[in-house]
Amino acid sequence: MNTLRKIGVAVTLSLAVNGAVVAESKFDPFYLPQANQPFEGTVDTRIGTLEFNNQYPSKDSMQTILDSMDFHGATQAFLWGIPMASMANFQHYNRDVFKVRQGGLVQYVGLKKKLGILTGNATTPYILGTVNLQETGPYVIDLPAGAIGGMVDDFWQRPVTDIGLAGPDKGKGAKYLITSPGYKGEKPKGYLVFESPTNNIFVGLRMLDKDPKKASALLAKVQTYSYKDRANPPKSGFPSPTAKYYFGPPRGMAYWERLHEILNREVVAERDRFFMAMLKRVGIEKGKPFNPTPRQMKILEQAAFVGEAMAKANDLAKRNTEPYWPDANWKLALGLDPSQRATNYDELDERAEWFYEAVSSSNAMVTTTPGVGSIYLASYADKDGDWLDGAKSYTLHIPAKAPAEQFWSIAVYSWDSRTLIDNDQKRAAQSSRQDLIVNADGSIDLYYGPKAPEGKEKNWVQTIPGQGWWVYLRFYAPTKAYFDKSWSMGDFEKVK
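Rules and cut-offs
- Residues numbered from 1 in each chain as written.
- Predicted model: local features only at pLDDT ≥ 70, side-chain atom pairs only at ≥ 80, totals over all residues.
- Heavy atoms only, no water.
- Buried < 20%, exposed > 50% of the residue type's maximum accessible area, 1.4 Å probe, protein only.
- Helix = DSSP H or I, 4+ residues; strand = E, 2+ residues; numbered from the N terminus.
- Pairing = 2+ DSSP bridges.
- Core = buried A, V, L, I, M, F, W, Y, C linked by side-chain atoms within 4.5 Å.
- Contact = heavy atoms within 4.5 Å.
- Axes fitted to C-alpha atoms, helices over the stretch in contact; angles between N-to-C directions.
- Parallel < 35°, antiparallel > 145°, perpendicular 65-115°, else oblique.
- Left-handed = near helix turned anticlockwise from the far one by under 90°.
- Nonpolar A, V, L, I, M, F, W, Y, C, P; charged D, E, K, R; others polar.

Novice: An account of the pairing of strand S10 (residues 139-143) is requested, with residue identities and associated values reported.
Specialist: Of all five residues that make up S10, five are buried, and the element is covered over most of its length. Judged from the five bridges that link them, S10 and strand S13 (residues 174-179) form a sheet pairing that is antiparallel. Within S13, the residue paired with Tyr139 across the bridge is Ile178.

Novice: Kindly report on the nonpolar core, identifying the contributing residues and their values.
Specialist: The nonpolar side chains of a soluble globular protein tend to be buried with one another. In this structure, Trp256 and Trp325 are the most contacted members of the largest nonpolar core, which totals 98 residues. The biggest single contributor to this core is helix H2 (residues 59-97), with 13 residues. Excluding its chain neighbours within four sequence positions, the residues that come into contact with Trp325 are Trp330, Leu377, Leu473, Phe475, Tyr482, Lys485, Trp487, Ser488 and Met489. Residues Ile127, Val152, Ile201 and Leu205 belong to the second largest nonpolar core, which totals 23 residues.

Novice: Please give an account of the sheet that holds strand S20 (residues 374-379) that cites residues and values.
Specialist: One open sheet holds the five strands; their spatial order is S17-S20-S26-S22-S23, and the pairing between them is antiparallel. Each of the sheet's edge strands pairs with one partner strand only, and the pair in question is strand S17 (331-332) and strand S23 (429-431). Summarising the sheet, S17 and S20 pair through two bridges and their orientation is antiparallel. For Leu332, the partnering residue across the bridge sits in S20 and is Leu377.

Novice: Mind laying out the packing of H2 against helix H9 (residues 348-357), listing which residues take part and the relevant values?
Specialist: Running from N to C, H2 and H9 point in directions that differ by 50 degrees, and their axes come no closer than 9 Å. In terms of orientation, H2 and H9 fall into the oblique class. Regarding H2 and H9, the two cross each other, and that crossing is left-handed. Between H2 and H9, the residues in contact are Leu79, Trp80, Ile82 and Pro83 and Leu348, Arg351, Ala352, Phe355 and Tyr356, respectively.

Novice: Explain the packing of H2 against helix H6 (residues 253-263) residue by residue, including any values.
Specialist: Packed helix pairs are specified by the crossing angle of their axes together with the interaxial distance, meaning the distance between the axes. Where H2 meets H6, the closest approach of the two axes is 7 Å, and the angle between their N-to-C directions is 75 degrees. Between H2 and H6, the interaxial angle falls into the category roughly perpendicular. Grouping the constituent residues of the contact of H2 with H6 by class yields 13 nonpolar, four polar and three charged.

Structure (structure tokens):
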């Protein structure tokens, strides 16, 4: 018998049983709830003071309890829905603002055009889009041979397949055919066929050649179209964004509106049925319009704010990820298994960490093979453990021979928007492809702050007072020195 069961609670009974009096019987605390916390009178709790009479909650306490139940369910549903709401917002801009044809891709080149993408890389061009497979039917991505990286994700941002250098075509080019869930139709020869778990997909490409002319020529050979149009596919074309946009989870009631809209166009996985039940309490239900009552509206407005506050804290804490190098704050930004599954549970917190600050995932982004894919490390704090502050100045030392076969980059992001910092300098990143000042030993010192250090302007990124910031350190085609940690680096240091 364990310690708790030995404790017991002595209670004297005055029950007559066949003329005999049963006295002093010991109750197991697991048997009677009164042995722990009596539901009687007023009780102070995390959600306020609750009142009970004959173990019944008072009418006011009853409403407090139900409101709290619905609120907490909504905050957890907020964390759960981040990747889907983010993709739905992305699709909204492609469809309703940019007016891109269904299945068309948009090209993002240069800092100005990338300012709405969560943690976009400032170094390489992006070609991005969403596809509603219910409208297009099976969808073709026809890639030429060459230095292309990319992925197809479902709308929970789980990889359907890598494409290009890290995909099954290994950079040799191929025709990919992506189908909707439960597809039973033709699987033609000559195509790499993949079934998406969701009705909608995300397609992302990067042209990796450092020569812009070669990258543009390669992109011109990419084609995307419905399989049914294969005999006469439409000209792809890759327009630039035509308006300001935000490819991340929206704030406030817009979050719930976007989530409701996409859930009504998507399949519900078995793993998600309890979250759908939590949303039902607050007026978000598949197959029904979104018309929350004033009570539900108030709960949703509060849950959107607190849910995002939870997302911020959860992201910064990264409680499931240890620092990558000893005595430094750098952590793997993508500490999530791309499948979003772990032994005995699905990675709810890890998923919210990554997709609060980023868009898309792929197996290539968590590579364990030298010379293949990419690695993302994040830093939010300086050597003293203080959050990076736009009003202060910092240095960062990059030791020689950084472990990247292709290139490395360090991009600076606004902590509030999680997008590239929009400073007066109009530069948000440094990379090994830039003309930086290099020390005699091959190392590089980088500078961050409101004002450039004299003579170091090439190595400086301007930060904004009153705005928190943070960085991704990316290694493209990381080398053995990264994996065996024979190469390492330290933290940001305040300039005294």
